[in-house]
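Chain by chain, the residues:
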Amino acid sequence: MVRIRKATPKDIPSCVKLCRIPEFPYLSKLPAQQAKEYLGEIARKGIFLVAEEGSAIQGMIYGEPMLNSFAWLDGFTVDRNVRSKGIGKALFQSFCDAAKEKGCTKIYLTAPASNRKTLRFYTSQGLERGTALVDFIVNLKE
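Cut-offs used in this document
- Residues numbered from 1 in each chain as written.
- Predicted model: local features only at pLDDT ≥ 70, side-chain atom pairs only at ≥ 80, totals over all residues.
- Heavy atoms only, no water.
- Buried < 20%, exposed > 50% of the residue type's maximum accessible area, 1.4 Å probe, protein only.
- Helix = DSSP H or I, 4+ residues; strand = E, 2+ residues; numbered from the N terminus.
- Pairing = 2+ DSSP bridges.
- Right-handed = clockwise from strand over helix to strand, strands pointing away.
- Salt bridge = Lys/Arg side-chain N within 4 Å of Asp/Glu carboxyl O.

Trainee: It is not clear to me how the pairing of strand β4 (residues 70-78) should be interpreted in this structure. Could you clarify?
Mentor: In terms of burial, β4 is a largely internal element, 7 of the 9 residues being buried. As defined by bridge partners, strand β3 (residues 56-65) adjoins β4 across 7 bridges and the pair is classed as antiparallel. Note on β4: the bridge partner recorded for Y62 is G75. Between β3 and β4, which pair antiparallel in sequence order, lie 4 residues; one of them, N68, sits at a positive phi of approximately 60 degrees. Both β4 and strand β5 (residues 106-108) contribute to a ladder of 3 bridges, which runs parallel. Bridging across to β5, W72 finds its partner in Y108. For the crossover that starts at β4, traverses helix α3 (residues 87-101) and ends in the parallel β5, the hand is right-handed.

Trainee: Looking at this model, I keep getting lost on the pattern of salt bridges. Mind explaining?
Mentor: Note on pairing: side chains with opposite charge can pair once their charged atoms come close. Taken as a whole and assessed by the stated rule, the structure comprises 6 salt bridges. A salt bridge links D11 to R5, with the shortest nitrogen-to-oxygen separation between them at 2.7 Å. You'll find D11 and R5 in the same group, each marked buried. One salt bridge connects R44 with E41, and the closest N-O pair in it is separated by 2.9 Å. Note that R44 and E41 are positioned in helix α2 (residues 32-45) at a spacing of 3 residues, about one turn of the helix. Each member of the salt-bridge network shares a partner with another, and the members are R3, R5, D11 and E52.

Shown next as structure tokens:
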């Protein structure tokens with residue numbers, strides 16, 4: 001049985017391993033120690049939850065409350081070997097509950113337009129494409 005709980009410092013190494021995927025372009029390229037420090041800071045200050053089965057971390061979700069009652073969902077993944085078993089749904093709902101406890105009324109996240117599975121997942125969880133915020137991107141030339 002999978003249990004959703006707050007992340008602890010001992011979970012960080014397992015979470016760093018979960019981040020070593022293309023969907024985490026920033027964390028996947030950081031040296032392990034820097035990635036541990038980054039996630040450790042989020043665990044101390046933000047909302048950071050893990051899905052645990054036995055002693056294995058199967059997934060994680062993290063973010064932080066922002067201004068205007070938004071919660072920014074920064075990172076979310078489930079181990080590829082256990083996807084489609086309800087773990088992502090449970091993590092996402094637990095993140096929403098934690099954000100509500102902190103006074104947030106909206107969740108904001110970004111997802112790559114090319115990842116249709118991810119977009120379907122968020123749609124299945126009741127999310128709609130946003131209109132309240134506008135994303136701006138600039139390509140920096142070397």
